[in-house]
Amino acid sequence: MDSQVLVALALSLVGGLSTSIGALFVVLNPTPNLKMLGLLQGFAAGLMLSISFFDLAHNAINSIGFLKGNIWFFAGVIFFAIVVNFIPEPTLAPGSDSEDKKRNGDDGGKNMMKKHRRQVLFSGIITAVGISLHNFPEGMAVFLGSIKGLRVGINLALAIALHNIPEGVAVALPVYFATQSKWQAFKLATLSGLAEPLGVILVGRSDTLKCAYLLNFLCPVSYNSLLYQFS
């Protein structure tokens, strides 16, 4: 593999694995209750929406213009809505039932809590899929930035790493609440970040100029995936 690709791959791993740091913040603490879950998810949503509007949307419109940026934004809406329809509703592990029974003491309360946990888990899976789609073009951006110079690539990778931390929180938090499993929460958040080095590998094996052109159109699609989840 070309040395330039290896450098970009290493930089993208720094950014991509930052979702694991966000997941660690979640799993090193006790399982949140419903109130804390709502507060933390609201905080993560605010961060993601700010990134979408003030960074990704701004860059996309500057790159391809207002009209094309909005066309690709709504194309992303349709695409992600189709993706969500193909995601099956998850089932909870058997251990969750006994936990719910202890907390609620009756079948009605147990069933209500089980349904709520299933809905929260589903939202966590959708968030993981959306962030994976969002992280993929970020890997492409890191590769193209590192071509311009190592300093550009490092700065871009560090900036991506910082905003990937709350993404890891956004994925791990609902999964941890729903499954009570630290490993499942950490694993799903980490996997969503690994889409970034996949973007590097794709660009490294493709025509760089074509990928740079494609990236201009993927930006509005990637910020749409965040808006769809958190709005």
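Here the structure is shown first, and the text comes after it.
Our subject in this report is the structure included herewith.

**Section: the nonpolar core**
Formed by 18 residues in total, the largest nonpolar core has its most connected members in Val26, Leu37, Val120, Val171, Ala172, Ala185 and Ala189. Elements with a minimum of two residues in this core: helix H2 (18-27), helix H6 (107-148), helix H7 (150-179) and helix H8 (182-193). Per-element tally for this core: the top contributor is H7, with eight residues. Leave out the neighbours within four places in its chain, and Ala172 touches Ala23, Val26, Ala185 and Ala189. Of all hydrophobic cores here, the second largest spans eight residues; its members include Ala8, Phe143, Val200 and Val203.

**What to know about the packing of aromatic side chains**
Scanning the model with the defined rule gives zero aromatic pairs in all. For the cation-ring pair, Arg117 lies above Phe177, with the distance from its terminal atom to the ring centre recorded as 4.9 Å.

**Points about the packing of H2 against H7**
Running from N to C, H2 and H7 cross one another at 45 degrees; their axes reach a closest spacing of 6 Å. Judged by the inter-axis angle, H2 sits oblique to H7. Seen from above, H2 lies across H7 with right-handed handedness. Counting all contacts with H2, which are made through Ser18, Thr19, Ile21, Gly22, Ala23, Phe25, Val26 and Val27, the residues of H7 involved are Ala161, Asn164, Ile165, Glu167, Gly168, Val169, Ala172, Leu173 and Tyr176. Residues of the contact of H2 with H7, tallied by class, amount to eleven nonpolar, five polar and one charged.

**What about H7?**
Taking 1.5 Å of rise per residue, 30 residues should cover 44 Å, and H7 covers 41 Å from first to last C-alpha, within 8% of that figure. Approximately 30 degrees is the largest bend angle found in H7, and it occurs at Asn164, with the proline Pro166 only one to four residues beyond. Positive backbone phi, approximately 60 degrees, marks Gln180, located one or two places after H7.

The rules we used
Residues numbered from 1 in each chain as written. Predicted model: local features only at pLDDT ≥ 70, side-chain atom pairs only at ≥ 80, totals over all residues. Heavy atoms only, no water. Core = buried A, V, L, I, M, F, W, Y, C linked by side-chain atoms within 4.5 Å. Buried < 20%, exposed > 50% of the residue type's maximum accessible area, 1.4 Å probe, protein only. Helix = DSSP H or I, 4+ residues; strand = E, 2+ residues; numbered from the N terminus. Contact = heavy atoms within 4.5 Å. Phe/Tyr/Trp six-rings, centres within 6.5 Å; stacked < 30°, edge-to-face > 60°. Lys NZ or Arg CZ within 6 Å of the ring centre and 35° of its normal. Axes fitted to C-alpha atoms, helices over the stretch in contact; angles between N-to-C directions. Parallel < 35°, antiparallel > 145°, perpendicular 65-115°, else oblique. Left-handed = near helix turned anticlockwise from the far one by under 90°. Nonpolar A, V, L, I, M, F, W, Y, C, P; charged D, E, K, R; others polar. Expected span 1.5 Å × (residues − 1). Bend = angle between axes of the 7 residues up to and from the residue.

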